[in-house]
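Residue strings, one per chain:
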Amino acid sequence: MDGSRIHRIPDFYDQLNALMERDKTFLLAPSLDALNDALYEFSPHGALTPTVEFHWIDHELSKQALSYETTLAWLQEKASQPDRFNQELIAQQINDLKTGKGKTYFEIILEIFADHPYVKLVLA
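Residues numbered from 1 in each chain as written. Predicted model: local features only at pLDDT ≥ 70, side-chain atom pairs only at ≥ 80, totals over all residues. Heavy atoms only, no water.

Colleague: Just to check I follow, could you spell out unusual backbone geometry for this structure?
Modeller: A negative phi angle characterises most non-glycine residues, just as the trans form characterises most peptide bonds. A positive phi angle, near 50 degrees, is found at Asp58, a position not held by glycine. Among the secondary structure elements, Asp58 is positioned in the loop between strand 1 (52-56) and helix 3 (59-65). (Helix = DSSP H or I, 4+ residues; strand = E, 2+ residues; numbered from the N terminus.)

Colleague: When you look at the environment of Glu60 in this model, what are you seeing that I'm missing?
Modeller: Here Glu60 lies in helix 3. On the basis of relative accessible area, Glu60 is assigned to the partly exposed category, the value being 43%. In the structure, Glu60 is positioned 61 residues away from Leu121 in sequence and 14 Å away in space, judged by C-alpha atoms. In this structure the side chain of Glu60 is engaged in a polar contact, spanning 3.4 Å, whose partner is the side chain of His59. (Buried < 20%, exposed > 50% of the residue type's maximum accessible area, 1.4 Å probe, protein only. Polar contact = N/O pair within 3.5 Å; in protein donor to acceptor, adjacent residues only side chain to side chain.)

Colleague: Sorry, what's going on with the side chain of Thr70 here?
Modeller: Residue position: Thr70 is located in helix 4 (residues 68-79). In this structure the side chain of Thr70 is engaged in a polar contact, spanning 2.5 Å, whose partner is the backbone oxygen of Ala65. With near-sequence residues (within four places) excluded, Thr70 lies in contact with Ile9 and Ala65. (Contact = heavy atoms within 4.5 Å.)

Colleague: When you look at the packing of aromatic side chains in this model, what are you seeing that I'm missing?
Modeller: Here a ring pair, both rings aromatic, is described through the centre-centre distance and the interplanar angle of the planes. Counted by the stated rule, this structure contains five aromatic pairs. Consider the rings of Phe12 and Trp56, whose centres lie 5.5 Å apart with planes at 35 degrees: the pair is tilted. With a gap of 44 residues between them, Phe12 in helix 1 (residues 9-19) and Trp56 in strand 1 connect regions that are remote in the sequence. Residue classification places Phe12 among the buried residues on the basis of a relative accessible area of 0%. Between Trp56 and Phe106 the ring centres are 5.2 Å apart and the planes differ by 55 degrees, which places this aromatic pair in the tilted class. One end of the pair, Trp56, is in strand 1; the other, Phe106, is in helix 6 (residues 105-114), with 50 residues separating them in the sequence. Since its relative accessible area comes to 0%, Trp56 is described here as buried. Phe106 sits in the buried class, given a relative accessible area of 3%. Chaining the aromatic ring pairs together yields one cluster made of Phe12, Tyr13, Trp56 and Phe106. (Phe/Tyr/Trp six-rings, centres within 6.5 Å; stacked < 30°, edge-to-face > 60°.)

And the structure:
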């Protein structure tokens, strides 16, 4: 993935869709749940060694782009949709972020990759 091309959350998913050679009729939506589900596609069915590597060049640029401000805006957008999202959870996530206890979108992405032992994320 090219971090210099990631300026917003949807840009991350555009990069991932290109890497995963997703069919244009079945693109990965900008969703952390979708990212998690997509990484299961690489499960080697029992093996614990990485079977695929993702190289994220210029990841520091992505880290800046997907930092506090972007994460807060993403959470606030969710908070504006009470019929779709658990408002108590979103309020807690906003509070955690504002008090320095919450994770940025970038950090959440890293966490999701780390939860998949058969996928290796190389930050460059």
